[in-house]
Amino acid sequence: MIELRDVRFTYPDGSTAVAGVDLSIASGERVAIVGQNGAGKTTTVKLMNALLTPTAGEVLIDGVSTAGRTTAQVARSVGYVFQNPDDQLFSADVRSEIAFLPRYLKWPDDMITERVEQAAALAGITDHLDTNPKDLPSAVRKFVAIAAVLVSGCSHVILDEPTAGLDTRGLDLLTGILDSLERDGVTVVTITHDMRFVTDAFTRVVAMAQGRIVADGELADVFGDDDVLAQARLKRPDPAQLARDLRLGDRVVTIDDVVAAIP
């Protein structure tokens, strides 16, 4: 479980990014955190794997506080995939990139080989293992970054704007990865502006505004509530707006919901 208990974070310039967040995410859950730029989303998830340290409050991963632990220590349980893969990738070839953390952890060579191949297969990049990541398209580099995190077998994964720059094939591959992680009981937390991705791939949504959580619940609890949308400055997803226009109800959010609700 990931737990944030009255967590606050203030930057050195005095600006408050997180202003008292309480949040519990159970193992195996898929949670999307949404809100406009400046809402506190990125700061909140960086607190989850000790990239940032709370100014006040407490973050616990599987019951253990992150206080006094390094990012490297927490990263064994909580993997973080950055929005821009170039912020994460540095090795001369994809195989070495994926193998970096296992080698750092001094895993046996045969175990490293097996896990690298498994992570590459899950991420759809088996054909690129001997390629320099810099020679790959940005969308493919994103999956290299995902594989480099998943290889560790971490129990929680954070994805920062994972759909940016992906085409339909990439989106399908990403959704398949999420489904696989869910089957394995791995927690997935994403921050995204892509409401289509949220409605297609998630059932729980956390909406943030001004460093606080303004809604936490099912899709309809967020996208069917005009007050929440106004506070978080969110646009209603297209299927939900269509349902509103057709007077199908406020809790009709996905395209499947729309089809089911039409008499």
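Described in the following lines is the structure provided in the data block. (Residues numbered from 1 in each chain as written. Predicted model: local features only at pLDDT ≥ 70, side-chain atom pairs only at ≥ 80, totals over all residues. Heavy atoms only, no water.)

Turning next to the packing of helix H3 (residues 94-104) against helix H5 (residues 138-150). Where H3 contacts H5, the two axes come as close as 7 Å, and the packing angle between them is 30°. Taken together, the axes of H3 and H5 lie roughly parallel to each other. With respect to the hand of their crossing, H3 and H5 are arranged in right-handed fashion. Contacts between H3 and H5 involve Val94, Glu97 and Ile98 on the former and, on the latter, Val144, Ala147 and Ala148. For the contact of H3 with H5, the class distribution of residues is five nonpolar, no polar and one charged. (Axes fitted to C-alpha atoms, helices over the stretch in contact; angles between N-to-C directions. Helix = DSSP H or I, 4+ residues; strand = E, 2+ residues; numbered from the N terminus. Parallel < 35°, antiparallel > 145°, perpendicular 65-115°, else oblique. Left-handed = near helix turned anticlockwise from the far one by under 90°. Contact = heavy atoms within 4.5 Å. Nonpolar A, V, L, I, M, F, W, Y, C, P; charged D, E, K, R; others polar.)

An order of S6-S7-S8-S3-S9-S10 is seen for the six strands of this open sheet, with the pairing classed as mixed. Only two strands of the sheet have a single partner each, and these edge strands are strand S6 (78-81) and strand S10 (212-218). The average angle at which neighbouring strand axes cross in this sheet is 20°, direction not considered. Lying over the sheet, helix H6 (residues 168-183) contacts strand S3 (30-34), strand S7 (156-160) and strand S8 (187-191), oriented at roughly 130° with respect to S3. (Pairing = 2+ DSSP bridges.)

A few words now on the packing of aromatic side chains. Counted under the stated rule, the structure contains four aromatic pairs. Ring centres 4.7 Å apart and planes at 85° place the aromatic pair Phe9 and Tyr11 in the edge-to-face group. Residue class for Phe9 comes out buried when judged on its relative accessible area of 8%. For the ring pair Phe90 and Phe100, a centre distance of 5.0 Å and an interplane angle of 90° mean the geometry is edge-to-face. (Phe/Tyr/Trp six-rings, centres within 6.5 Å; stacked < 30°, edge-to-face > 60°. Buried < 20%, exposed > 50% of the residue type's maximum accessible area, 1.4 Å probe, protein only.)

Of all eight residues making up helix H1 (residues 41-48), six are buried, and the element is well covered by its neighbours. Within the span of H1, buried status applies to Lys41, Thr43, Thr44, Val45, Leu47 and Met48.

Glancing now at the environment of Val21. Position of Val21 among the secondary structure elements: in strand S2 (residues 16-25). Along the primary structure Val21 and Gly153 are separated by 132 residues, whereas in three dimensions their C-alpha atoms are 28 Å apart.

That's the geometry; what it means functionally is another story.
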